[in-house]
Amino acid sequence: MIVEELNTNWHFSQMDKDDWLPAEVPGCVHTDLLANEKIEDPFYRLNERNLQWIDKKDWIYKTRFDIGADVLNKDRIALDFKGLDTYADVFVNGELVLSADNMFIGWEVDVKKHLKSRGNELKIVFRSPIKEGLKLHDANGFVFPGAENDQAELGQVEGNKRVSIYTRKAGYHYGWDWGPRLVTSGIWRPVYLKAWNVNRITDLQIVQNKLNEDVAEFTAILEIESEKEVLANINLKNNEVGLATSKFHLKKGKKEYSINFKIENPKLWWPNGLGEQPLYTINAELDVEGEITVADHRIGIRTVELVREKDEKGKSFYFKVNGVPVFMKGANYIPNDIFPSRVSKKQLEKVVNTAKESNMNMLRVWGGGYYEDEYFYDLCDEAGILVWQDFMFACAMYPGDEEFLKSVKEEAKYNIKRLRNHPCIALWCGNNEILVAWHNWGWKRKATENVDEIWKAYTDIFHEVLPEAVEKYDPSRSYWSSSPSSGTGIVPDLINGDDHYWGVWWGKEPFKNYATHIARFMSEYGFQSFPEMKSVKKYAIPEDYNIFSEVMKSHQRSSIGNETIEYYMLQDYKKPKDFESFLYVNHVLQAEGIKIALEGHRRAMPYCMGSLYWQINDCWPVASWSSTDYYQEWKALQYYVKKGFEPLLISPYIEDESLKIAVVNDRLEGINTKMNLRMIDFSGNEVLSISKDIIIEKNSSAVYYESNLVDVLNDIDPKNHLLVVELLKDGEQIANNVLYFKSVKELSLPKPKIDYKIEESNEGFVIELQSAVLAKNIFLTIGSGSGFFSDNYFDLLPNETVEIHLQTTLSLEKLKKTFSVRTLDATY
């Protein structure tokens, strides 16, 4: 097969104009307009508001290309579009060859009869998703409940009609409560010209049948398209090592052929933190009369199952990997940019590496974005990050007409087949929050006389089409119809399934509720923060530096956003003295709140077996629930998550007027260790010390110390003392944590003088810090410079020395000019 990418000589124009400009493919209308300086940066200040005209227009993309004789002489020639967004009519030399209407599907079309050797024109007309959506909306006869995140008013849509649900396109393009409204069109994934003779492998599926210590048994299922009946040899290899060979009589058309093989002494693939991630590349070679066609896939040898078993509390919900129950530690993942074609491999590497370095073992690819690029799943395979994969449905009721269901079937088939060989895929989930919204958010009540029709559309998609697709194309994996839920069509109840807890934030419930509102699996919870000041400066100017300015309100899409951040902040912190201090305190506030949640969830294992906070990333610069901002800068939360998800966690907490200390061990071996408790004042004077030897069981959570809080404090002033806890193994600290007894605004924080020294190292610098008194939430910065601190926003205890590594390309001279240290006491 000859494969050529068509990524040069592209131009685009608005349909009703003849104004042709250079275009980037893959790309989209907005990014091409930006590159040609026809629009301002949509992310800067309020520019987004002025760009809502773009989605009401039709756009044309075209290119010209020549074809060599080696291509033109092949039996078959096809155009392979990996992604068209969304309503696209494709013309080759003036002939319509394809009409596409689903962003999530790859489209392939035979074009040999339309081609010539020189001067071929490929033209794609993109019809406005808003105009197409309005046609479908108006023809429907009633309005579906939901889709509140569709910011139709901002989008200046006729009658503020929410049309997003009618189009199989990324929902977040129409707006979300953390994202802008920029509804784009374009060739968002690569375009290839493919040419071949007689036969080709169109799909390769590797099915694992049996696994033990000695052998792993598989079936390779090859989907082969043949132009005629012919004898063929199929050879399977793993990195040139032969696995199996067989002869087949190929039939005309597209058919499946199976061949069994074994791998002796298999090396198991484990989630991050529990072992290695060995990957095997399986090569399939189709030999027809000496003409070779190849396909390959990487696999990981492992078992993953969602365990749903009745117990004394309800019904379990946990993942068992290689026979071991694994607590899932991770986050929800959204697209990295409002314009998907702009996301680089480097950005994907950064976010997956952040997850790995933060001791995560799962990311949930959320259902309002898109099915990620193949490279993302490759990275998760390599990092040991399991993926909870939503189908692309979120927070809305959807149509159920025949054409819509047909499109959904093709979408499910295409993406399941595309992703099913990845060892990282752990679960297919039908939708995000639709079931709970229908029953608990008033949607069913709003549906009035159309209740039955709307609910039937729901059950058709999520109880029939999608589970049937999973059963047909990927039967080894589980399907979960809606998150959160307690089962198919059953609303969440904390004792039988997963839950999204938003009492903190939307309900303004206290952070402490995180530790008690616990389900079998916590698949969403979160709290907001702004980006840090360095990031804010990229999209705002000094006159915007107020949380209630027009720009800051625009870069905040939660309906209760900035005032809710302030509300929670003033519960626990003194009012910050200025905008920059507000951002810093906001980071700490978010991190401390989520710390309560993830420690509480982990302590509750095995009842609770998963903690996925909302969210790890952003698609534009915004105040949101993210732990890293749009520019991939770590917020305080990301540093706290890294510590909170360590395989060994010691967690002090107060419950029912008792001080308790729990230890959570994710490792698959027990540990004999010493547990130390020290009560110190903010100058480092020790007033209480307790030490005990403990045996920590493998893969467990248990309380190892409990005492009445009154007895522990016993004449100790809680405003200037803290508890330091640690675990020691052979004299070396292997886990540590601290506990304060009052809110930060009630603490008598000292004003520390922090001594530090900077020394050069291989990857940047080592910074050594020390203080005679407590330095609360040290925040290290290097101005606008680029760099990464190994830790940040941490408490520096009295008379202790902390060593921080800084990765940066800055010179020592430049670093000394830009390096600064902030502490919480200086924010008011």
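Right above here is the structure, for reference.
Residues numbered from 1 in each chain as written. Predicted model: local features only at pLDDT ≥ 70, side-chain atom pairs only at ≥ 80, totals over all residues. Heavy atoms only, no water.

Draft legend 1. Quick look at the overall build of the chain. Summing up its helical and strand segments, the chain has 16 helices and 42 strands in all. Relative to the 2.2 N^0.38 estimate, which gives 28 Å for 828 residues, the radius of gyration of the chain is 28 Å and therefore close to what a compact globule would have. Structurally, the chain occupies a C-alpha span of about 90 × 65 × 65 Å along its principal axes. By the burial criterion, 61% of the 828 residues in the chain qualify as buried. Nonlocal contacts in the chain, meaning residues at least 24 apart in sequence, comprise 71% of its contacts between residues at least 6 apart. When the accessible area of the chain is evaluated, it comes to approximately 32800 Å², of which 45% is carbon and sulfur surface. Averaging the locations of the 98 positively and 124 negatively charged side chains of the chain gives two centres separated by 2 Å. (Helix = DSSP H or I, 4+ residues; strand = E, 2+ residues; numbered from the N terminus. Rg over C-alpha atoms; globule rule 2.2 N^0.38 Å. Buried < 20%, exposed > 50% of the residue type's maximum accessible area, 1.4 Å probe, protein only. Contact = heavy atoms within 4.5 Å. Areas by Shrake-Rupley, 256 points an atom, 1.4 Å probe, with all protein chains shown as cover. Lys, Arg positive; Asp, Glu negative; His and termini not counted. Charge placed at Lys NZ, Arg CZ, Asp CG, Glu CD.)

Draft legend 2. Geometry of a negative patch on the surface. A cluster of acidic residues, D101, D401, E402 and E403, forms a negative patch on the protein surface. Turning to its location among the elements, E403 is positioned in helix α6 (residues 402-419). (Patch = residues over 30% accessible without salt bridge, like charges linked within 9 Å, V, L, I, M, F, W, Y side chains within 5 Å. Salt bridge = Lys/Arg side-chain N within 4 Å of Asp/Glu carboxyl O.)

Draft legend 3. Region of the structure containing the sheet that holds strand β41 (residues 801-808). Taken in spatial order, the four strands make up an open sheet running β36-β37-β41-β39, and their pairing is antiparallel. Two strands bound the open sheet, and with one partner strand each, they are β36 (754-761) and β39 (787-789). Along the sheet, successive strands turn relative to each other by an average axial angle of 20°, direction set aside. With three bridges joining them, β39 and β41 adopt antiparallel strand pairing. Residue pairing across strands places F789 opposite L806, the latter belonging to β41. (Pairing = 2+ DSSP bridges. Axes fitted to C-alpha atoms, helices over the stretch in contact; angles between N-to-C directions.)

Draft legend 4. Geometry of the packing of helix α13 (residues 579-603) against helix α14 (residues 636-644). Packing of α13 against α14 brings their axes to within 8 Å, and their N-to-C directions diverge by 25°. Comparing the axis directions of α13 and α14 gives the class roughly parallel. When you trace α13 past α14, the crossing you get is right-handed. Together, H587, V588, Q590, A591, E592, I594, K595, L598 and R602 of α13 and A636, L637, Y640, V641 and G644 of α14 make up the contact between the two elements. (Parallel < 35°, antiparallel > 145°, perpendicular 65-115°, else oblique. Left-handed = near helix turned anticlockwise from the far one by under 90°.)

Draft legend 5. Expanded view of the packing of aromatic side chains. According to the stated counting rule, one finds 61 aromatic pairs in the structure shown. An aromatic cluster is present here, built from Y501, W502, W505, F511, Y514, Y525, F527, Y567, Y568 and W625 joined pairwise through their rings. In this structure, R168 is placed above the aromatic ring of F393, and the distance from its NZ or CZ to the ring centre is 4.0 Å. Cation over ring: R603 sits above Y653, and NZ or CZ is 3.6 Å from the ring centre. (Phe/Tyr/Trp six-rings, centres within 6.5 Å; stacked < 30°, edge-to-face > 60°. Lys NZ or Arg CZ within 6 Å of the ring centre and 35° of its normal.)

Draft legend 6. Examining the environment of W59 more closely. Relative to the assigned elements, W59 resides in strand β4 (residues 59-65). Taking the C-alpha atoms as reference, W59 lies 8.4 Å from G186; in sequence the two are 127 residues apart. When near neighbours in sequence (up to four residues on either side) are disregarded, W59 contacts F12, S13, Q14, M15, V29, L33, W53, I54, I124, V125 and F126. A polar atom in the side chain of W59 sits 3.2 Å from the backbone oxygen of I54. (Polar contact = N/O pair within 3.5 Å; in protein donor to acceptor, adjacent residues only side chain to side chain.)

Draft legend 7. The side chain of Q52, seen in detail. In this structure, Q52 sits in the loop between α1 (29-35) and β4. With residues up to four places along the chain from it excluded, the contact list for Q52 reads L154, G155, Q156, R181 and L182.

Draft legend 8. Representation of the packing of α6 against helix α9 (residues 451-473) in the model. Closest axis-to-axis distance for the α6/α9 pair is 10 Å, and the angle between their directions is 35°. In this structure, the crossing between α6 and α9 has a hand that is right-handed. Of the residues in α9, those touching α6 at F404, L405, V408, K409, A412, K413, I416 and K417 are D460, I461, V465, L466, A469, V470 and Y473. Taken together, the residues of the contact of α6 with α9 break down into eleven nonpolar, no polar and four charged. (Nonpolar A, V, L, I, M, F, W, Y, C, P; charged D, E, K, R; others polar.)

Draft legend 9. Quick peek at the state of the cysteines. One pass over the full model with this rule turns up zero disulfides. Of all cysteine sulfurs, the one in C395 lies closest to C429, which takes part in no disulfide; the gap is 12 Å. Among the residues examined, C429 registers a relative accessible area of 0% and is labelled buried. With no disulfide partner, C619 has as its closest neighbouring cysteine sulfur the one in C28, 13 Å distant. (Disulfide = S-S within 2.5 Å.)

Draft legend 10. View of the environment of S559. Locating S559 in the fold gives a position in the loop between α11 (550-554) and α12 (561-572). We classify S559 as exposed; its relative accessible area is 57%. Considered as a pair, S559 and W506 are 53 residues apart in the sequence and their alpha carbons are 9.6 Å apart.

Draft legend 11. Local environment of the pairing of strand β13 (residues 230-238). Relative to strand β14 (residues 241-250), β13 runs antiparallel, the two sharing nine bridges. When the sheet's bridge partners are listed, L231 is paired in β14 with H249. Connecting β13 to the next strand, β14, in antiparallel fashion are two residues, including N239 with a positive phi near 50°. Bridging between β13 and strand β16 (residues 280-288) involves six bridges; their strand directions are antiparallel. Each bridged residue has a counterpart across the sheet, and for I234 the counterpart in β16 is L286.

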